[in-house]
Amino acid sequence: MRTRGLLLALLLLAVSCTQPRSREYFLKSDGSGEYSFTLEMTDTLQGYDISFFTSIDRPLLRPDTLNCFPLQVVWRAPSGRYFTETVYYPADSVRVRYRSALVPAEAGLWTLSVGVAPEPRGFRGPGGF
């Protein structure tokens, strides 16, 4: 009986040492509007889901007219090549799917830079993945 308990504990420890299926990062707003994340995408056969999340403090007593705000997204590949685009983040959403089943063209560490300019009033910072 005691051996079974020990075996179960060892099995649970072994399973808990695996790499997590997802990772999330959050960078607190510093007012600069420039935020950079490093993504480990070493498997070019796997699809990656990328989401952004944030929180915006909104005024309670007066209406807020902010519907969305632009994000300037720059992807830098391990080789140095880059891709840039502007996407719009709906201001009333906490989490938004950015890309689904993204397959990297190159294996390795990618840099994802997000520019938020101008930062909306009450912007707490970007997070994602």
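Just so you know, these numbers come straight off a predicted model, no measurement behind them.

J.: Help me understand the packing of aromatic side chains in this model?
T.: Centre distance and the angle of the planes are the two values used to describe a pair of aromatic rings. Applying the stated criterion to the full structure yields six aromatic pairs. An aromatic cluster is present here, built from Y35, F69, Y89 and F123 joined pairwise through their rings. Here the basic side chain of R76 rests over the ring of Y82, its NZ or CZ set 4.9 Å away from the ring centre. For the cation-ring pair, R99 lies above Y98, with the distance from its terminal atom to the ring centre recorded as 4.5 Å.

J.: Just checking my understanding: could you explain the nonpolar core for this structure?
T.: One recurring pattern in soluble globular proteins is that nonpolar side chains are buried together. Counting residues in each nonpolar core, the largest one holds 23 residues, and the members touching the most others are F52, F69, L71, V73, W75 and L112. Mapped onto this core, the elements with two or more residues apiece are strand 2 (34-41), strand 3 (48-53), strand 4 (68-76), strand 5 (82-90) and strand 7 (108-115). With residues near it in sequence (within four places) discarded, V73 still touches F52, F83, T84, E85, V87, Y98, L112 and S113.

J.: Even after reading the chapter, I still don't get the side chain of E85, so can you show me in this structure?
T.: Locating E85 in the fold gives a position in strand 5. Within polar-contact distance, the side chain of E85 engages the side chain of R99 at 2.7 Å.

J.: How should the sheet that holds strand 2 be read in this particular structure?
T.: Pairing between the strands of a sheet is mediated by backbone hydrogen bonds and can be parallel or antiparallel. The antiparallel open sheet is built from four strands, whose spatial order is 2-7-4-5. Edge positions in the open sheet fall to strand 2 and strand 5, since each of these has one partner strand only. Between one strand and the next, the sheet's axes are offset by a mean angle of 25°, whatever the strand orientation. Of the strand pairs in this sheet, strand 4 and strand 5 are connected by nine bridges, and their pairing is antiparallel. Looking at the pairing, C68 lines up with P90 of strand 5.

J.: Before we go on, may I ask you to explain unusual backbone geometry in this structure?
T.: Backbone phi values are negative for most residues with the exception of glycine, while trans is the configuration of most peptide bonds. In this structure, the amide linkage connecting A117 to the following residue, P118, adopts the cis form with an omega of -5°. Inspection of the secondary structure puts P118 in the loop between strand 7 and strand 8 (127-128). Although it is not a glycine, A101 sits at a positive phi angle of roughly 55°. Within the secondary structure, A101 is located in strand 6 (residues 95-102).

J.: Can you walk me through the side chain of E106 in this structure?
T.: One can find E106 in the loop between strand 6 and strand 7. Here E106 is in contact with M41, T44, A77, P78, S79 and R81, once residues within four sequence places are set aside.

J.: What is the right way to read the pairing of strand 3 from this model?
T.: In the case of a regular strand, side chains alternate between the two sheet surfaces. Burial analysis of strand 3 places five of its six residues in the buried class, the great majority of the element. Looking at chain direction, strand 3 and strand 6 are connected through five bridges and run antiparallel. Along strand 6, the bridge assignment pairs F53 with R95. As paired strands, strand 3 and strand 8 are joined by two bridges and run antiparallel to one another. Counted as the bridge partner of F52 is G128 from strand 8.

So, how was this worked out
- Residues numbered from 1 in each chain as written.
- Predicted model: local features only at pLDDT ≥ 70, side-chain atom pairs only at ≥ 80, totals over all residues.
- Heavy atoms only, no water.
- Phe/Tyr/Trp six-rings, centres within 6.5 Å; stacked < 30°, edge-to-face > 60°.
- Lys NZ or Arg CZ within 6 Å of the ring centre and 35° of its normal.
- Core = buried A, V, L, I, M, F, W, Y, C linked by side-chain atoms within 4.5 Å.
- Buried < 20%, exposed > 50% of the residue type's maximum accessible area, 1.4 Å probe, protein only.
- Helix = DSSP H or I, 4+ residues; strand = E, 2+ residues; numbered from the N terminus.
- Contact = heavy atoms within 4.5 Å.
- Polar contact = N/O pair within 3.5 Å; in protein donor to acceptor, adjacent residues only side chain to side chain.
- Pairing = 2+ DSSP bridges.
- Axes fitted to C-alpha atoms, helices over the stretch in contact; angles between N-to-C directions.

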